[in-house]
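# Fold and contact review
What follows is each chain in one-letter form.
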Amino acid sequence: MRELLRKLRFLLRRDQFEKDLDDEMRHHLALKAAAEGSAEQANRHFGNITLLKEESRTMWTWTFVEQLAQDIRYALRAMAVNPLFTTMAVLSLALGIGANTAIYSFLDAILMRALPVERPQELVILKWRAKDMPAVVHGLNGSRSGAISPNYPFAAYETLRSNQNVLSTMFAYASAWGLNIVVHEQAEVVQGLYVSGGFYSGLGVPPAAGRLIQDNDDRPGATPVTVISYNYWQRRFSSNANAIGQSILINKVPFTIAGVSAPGFFGVDASVAPNVFIPLHAAPLLAQSPGEDGQRMFFNHNFYWVEMMGRLRPGVSIQQAQTALAAQFHSYVESTASTAKEKIDMPALWLQEGASGLDSLRERYSQPLYLLMAMVALILTIACMNIANLLLARSAARRREMAVRLSLGAGRLRIVRQLLTESVVLSLLGGVLGLFVAFWGIQAITWLLANGRENFTLHANLSLPVLGFTLALAIITGIIFGLAPAIQSTKIDLTPALKETRASAPRGRLRHAIGANRFLIVAQIALSLLLVIAANLFVRTVSNLNKIDLGFNRENILIFSLNARQAGYKDAALGRFYADMRDRFRTIPGVRSVGLSDFPLIAHYWSSQDVVIPGTQPREGKRDQTCLLNVDESFLSTMQIPILLGRGIEEHDMASPRVAVVTEKFATTFFGKENPVGRMIGIGNPKKPADIEIIGVAKTTHYNALTGEIPTVVYTPYTQNPIRQMFFELRTAGDPLALTKTVRQIVDQTGTGVPITNINTQARQIDQTITQERTFADLCTGFAALALLIACVGLYGTMAYAVAQRTNEIGIRMALGAERRGIIWMVLREVLALVSAGLLIGLAAAWETTHFLAPLLYGTKPNDPQAISLAVAILIAAALAAGYTPAWRASCIDPMTALRHE
Amino acid sequence: MEQRPDIPPGTLCMLILKTLARLGPMHGYGIAQHIHQISGDVLQVEEGSLYPALQRMLIKGWVAGEWKQSENNRRARFYSLTPQGRKQLASEIKEFERVMAAIVRVIQPA
């Protein structure tokens, strides 16, 4: 180690060392001359000064490095001599390594990255689980998300926080969702996060400007302050320091900007990245519905809404902390459960590692990403095999060169090392080019995944760990594909190899090389088959999803939302505002009709309540629940949802009495074969009288998603229920998005400070719910095509080489009267033999592995015979296409030339 | 030209180390002179070859070099033994004696 440092110092101060040596020798000679009388005499016994200096110098430098440099130079020369081989190898490596790097960068972005905070490994997230949604828990919607939740009552947070034995600090936060913010008299909707006073100090992040939210700000009656994100500061305040202390309107309430959080700080969930942070106790100021008053938020012991994180004390394990906190939470819950029913299923606390923050991105993308990673690994394997193949062929051609070097005394190890250097140089070049492929690939995949969404938060880039991954990958692939050919090329019989003339066909050992060659082709075809089958399955999945009958017409609908509640409208005025806006949109040329609903269909929105139907038996063991949609009188006709029985909602229904249109599914679920029209139902509190009359039955439509069971749905007039934001559905004559500008103008003209958000088309909205499937189909098709291309290039190369080897034999055959067709068939037969072997192995492998895809498929099975036979057909066709050129060329051999070939 | 025996291969390093161990810091010429004199003119170091050897020992950390004024009032590099060099010397001497003993056993008249 010291030795290395000394050598490095030599490299840095080379001139000084040279001068020292020179001085030293001069000094020696001077003394010697003085002693022996003449300088000439002295020189004679000293030796060759230049040589001695050279020798001294080699003591300081590294032979290893020098040889490496020599090998690299040689490798580059060898690559330049064979540009076709080099281009093909580097290109296929670039594609393989690039695809791997791109997918890995996404994995890195969501799985490996820690929160940009102090000592993230100490953080833990507090969650609870229960069998079903516990009765003791209020404020959480339905049990659809499973009974795992991060939400707690505020009182539980205070109780748990008082225990400082296991966690050194604990802080709380809750999503504020989209907030209406007016800055410089311009309104927009941005994401907000409520945070407790200890949030920033607990995470240990500094402000970029001003100060952050402190305990003082987070108490009832404190002056409303907010911290804005660095991005938002840049975007809306041009990073101007005078933003600090400015007043901005949040949901019409003035807040003072206290500071700016650090650049790159996104809170605790990378998928949300809020722009404003507001003290928890300011939440009631921004409340939009009566259920969100301060009394309920901070004093109701059953209202679950805040999320918590804590920091483990040094030396405390996550299990120890969980045991302590779970016991404490258990006694808290017990004290809040008043009835026996509430004590049956109670939430149990558990801790999750919090180093990488909340895991919403991870949950959504980790499984598909691992699958994609496996696919790109397959592609790289195929590419490696291809290059190994090319190298094997080339090592046959370089037999003479190797024989000469070996016979001149080069060590085998030295030759293997040199050949490995060549392949690693090749793969490093491929890696560098692969970075460009990856850069482009990341953008393409981001574009595919975002699928038109503006607030897409999964950002991957070529970070340092990703670059490290690429480098490692390049070196490893270089060694993997280079090792076998390198070892093989040194195992030659010297004498016959030396006797070979340049033109003569190598024999003997080469048979072995060709054997390995064929084996690699078979393996490549098998792997390609896997990818092609997967691509087929995903394409079928997407086409199945697109064929689903929605129950309404998705084409030519523009959807967007307005939230006038946040701009200060309430109750009747709110309803009037929306109706008024709808009437204005109706006048836009090209708009056929306009509907209103509190959220769009098939957009993952979900709202459900208890339903009571007098005169029917409550179903055994099940809570009767139904999904809801608040609509106006023209929603059903705009969406072209037909009324099957009774009538639709009409203008006079908007006021009173309370009415509803139910779906056919609702009718059959709750009324069986009876006609539900005219019957009364109750929604919400089961103790209230059933005061809603069913006036009609509409055709069943998909509600929140394309897949999964369709729920029962009740359409009610939006004016009869509490509402906040509303979505507008504009049925248009032409391209819906072309109207965006006009719609914006109309909204701006009202001057009410209501920003327009969530602009989309209904068709694209639906498409975005199947983004994952679509992305898979697109990527997988691309990957399969790539794999097929690489494998075909390999097949082509092998066949072309085989034909060249057999020129002589083919010439003799033709001289003896073989037909051209016969020759073509002879070569193609060989191609087919290789392909069949590959297909057989591939089919066996597919049988074993495709079931991993099952959760990602829709309407097709992992071993779908149609998909598999199509894949087999594609592979055979591609292989024949690749094999035909060499076959045709073989048939064009002129017997005379061929016989003279030797 | 008069033929003088070369020093046995591999022993130059040991001779330099021993010289430095005995006499303390010395420059290259001094080392050559010393080896020459002590061996009773038998061992003739090809003086130039001292320098590659000294460079190697510098890298290995067996000797340290320091620039000082020499007897003829010029700057010269004085080499001195490091603790590591002392260890190396001991092991080289041991090894040398072992080999010598073996050789002696072989050539001794029976």
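Predicted model only: the values in this text are computed from it and were never measured.

This brings us to the overall build of chain A. A tally of regular secondary structure across chain A gives 28 helices and 22 strands. By the compact-globule yardstick of 29 Å for 902 residues, chain A is too spread out, its C-alpha radius of gyration being 37 Å. C-alpha atoms of chain A, sized along the principal axes, occupy 115 × 90 × 55 Å. Out of the 902 residues belonging to chain A, those deemed buried represent 52%. For chain A, restricting intrachain contacts to residue pairs at least 6 apart in sequence, the fraction spanning at least 24 positions comes to 81%.

In this section: the packing of helix α6 (residues 83–112) of chain A against helix α16 (residues 464–490) of chain A. Residues and elements named next belong to chain A. Packing of α6 against α16 leaves a shortest axis separation of 10 Å and a crossing angle of 145 degrees. In the crossing of α6 with α16, the sense of the turn from one axis to the other is right-handed. The segment α6 lies against α16, with Leu-93, Ile-97, Asn-100, Thr-101, Tyr-104, Ser-105 and Asp-108 engaging Pro-465, Val-466, Phe-469, Thr-470, Leu-473, Ala-474, Thr-477 and Phe-481. Partitioning the contact of α6 with α16 into residue classes produces nine nonpolar, five polar and one charged.

What follows is about the pairing of strand β12 (residues 557–562) of chain A. All names here are of chain A. Of all six residues in β12, six are buried, a share of seventy percent or more. On β12, burial covers both faces: Ile-557, Ile-559 and Ser-561 on one face and Leu-558, Phe-560 and Leu-562 on the other are all buried. Of the pairings in the sheet, the one linking β12 to strand β21 (residues 726–732) comprises six bridges and is antiparallel in character. Note that in β21 the partner of Leu-558 across the bridge is Leu-730. Sheet topology places β12 next to strand β22 (residues 756–761); four bridges connect them, and they run antiparallel. Looking at β22, one finds that Leu-558 is bridged to Thr-761.

All right, on to the environment of A:Leu115 then. Residues and elements named next belong to chain A. Relative to the elements of secondary structure, Leu-115 occurs in the loop between α6 and β1 (123–129). Along the chain, Leu-115 and Val-611 lie 496 residues apart, while their C-alpha atoms are 43 Å from each other. Those residues within four positions of Leu-115 in sequence are excluded, and the remaining contacts are Pro-120, Leu-123, Phe-266, Gly-267, Val-268, Met-309, Gly-354, Ala-355, Ser-356 and Gly-357.

Take the environment of A:Ser423 next. All names here are of chain A. Take Ser-423: it is sitting in helix α15 (residues 412–450). Between the C-alpha atoms of Ser-423 and Gly-478, which are 55 residues apart in sequence, the distance is 5.1 Å. Not counting the four nearest positions on each side in its chain, Ser-423 is found in contact with Leu-391, Gly-478, Phe-481 and Gly-482.

It is worth spelling out the interface of chain B and chain A at this point. Taken residue by residue, the interface counts 27 residues in chain B and 23 residues in chain A. When chain B packs against chain A, the two sides together hide about 2,400 Å² of surface, and 59% of this comes from carbon and sulfur. Looking at the side of chain B facing chain A, the largest losses of area belong to B:Tyr29, B:Tyr51 and B:Ile59, adding up to 29% of the total buried there. Here chain B is connected to chain A by one salt bridge. Taken together, chain B and chain A are joined by four residue pairs in polar contact (both at pLDDT 80 or more).

Residues and elements named next belong to chain A. Counting residues in each nonpolar core, the largest one holds 108 residues, and the members touching the most others are Met-375, Leu-458, Phe-538 and Phe-783. Top element by residues in this core is helix α13 (residues 360–397). It accounts for 18 residues. With near-sequence residues (within four places) excluded, Met-375 lies in contact with Leu-531, Ala-534, Phe-538, Cys-780 and Phe-783. Membership of the second largest hydrophobic core comes to 62 residues, among which are Trp-128, Ala-176, Ala-209 and Leu-312.

Cut-offs used in this document
- Note that residues are indexed from 1 along each chain, following the sequence as it is written.
- Chains and ligands are labelled by the order in which they are written, letters from A for the one and numbers from 1 for the other.
- The model is predicted, so local features are restricted to residues of pLDDT at least 70 and side-chain atom pairs to those at 80 or more, both for listing and for counting; the totals for chains, interfaces and linings are taken over all residues.
- For the side-chain quantities, the full set of heavy atoms in the structure was used; hydrogens and water were omitted.
- Under the DSSP-based scheme used, a helix requires at least four consecutive residues in state H or I and a strand at least two consecutive residues in state E, with every element numbered from the N terminus.
- Taken over C-alpha atoms, the radius of gyration is set against a globule rule of 2.2 Å times the number of residues to the power 0.38.
- Think of it in three bands: with a 1.4 Å probe and only protein chains considered, a residue is buried below 20% of the maximum accessible area for its type, exposed above 50%, and partly exposed in between.
- Contacts are assigned to residue pairs that have any heavy atoms within 4.5 Å of one another.
- Only the stretch in contact is used when a helix axis is fitted, and all axes are lines through C-alpha atoms; the angle between N-to-C directions ranges over 0 to 180 degrees.
- Each helix crossing is assigned a hand: it is left-handed if the near helix lies turned anticlockwise from the far helix by less than a right angle, otherwise right-handed if that turn is clockwise.
- In this classification, Asp, Glu, Lys and Arg are treated as charged, Ala, Val, Leu, Ile, Met, Phe, Trp, Tyr, Cys and Pro as nonpolar, and every other residue, Gly included, as polar.
- We call two strands paired when DSSP finds no fewer than two bridges between them.
- Buried area is understood as the total, over both parts, of accessible area removed when two parts are fitted together, assessed with a 1.4 Å probe.
- Think of a salt bridge as a Lys or Arg side-chain nitrogen and an Asp or Glu carboxyl oxygen that are within 4 Å of each other.
- Any pair of nitrogen or oxygen atoms within 3.5 Å is treated as a polar contact; in protein, a donor-acceptor pairing is required on top of that, and neighbouring residues in sequence qualify only through side-chain atoms on both sides.
- Note on terminology: a nonpolar core comprises buried Ala, Val, Leu, Ile, Met, Phe, Trp, Tyr and Cys residues joined through side-chain atoms within 4.5 Å.

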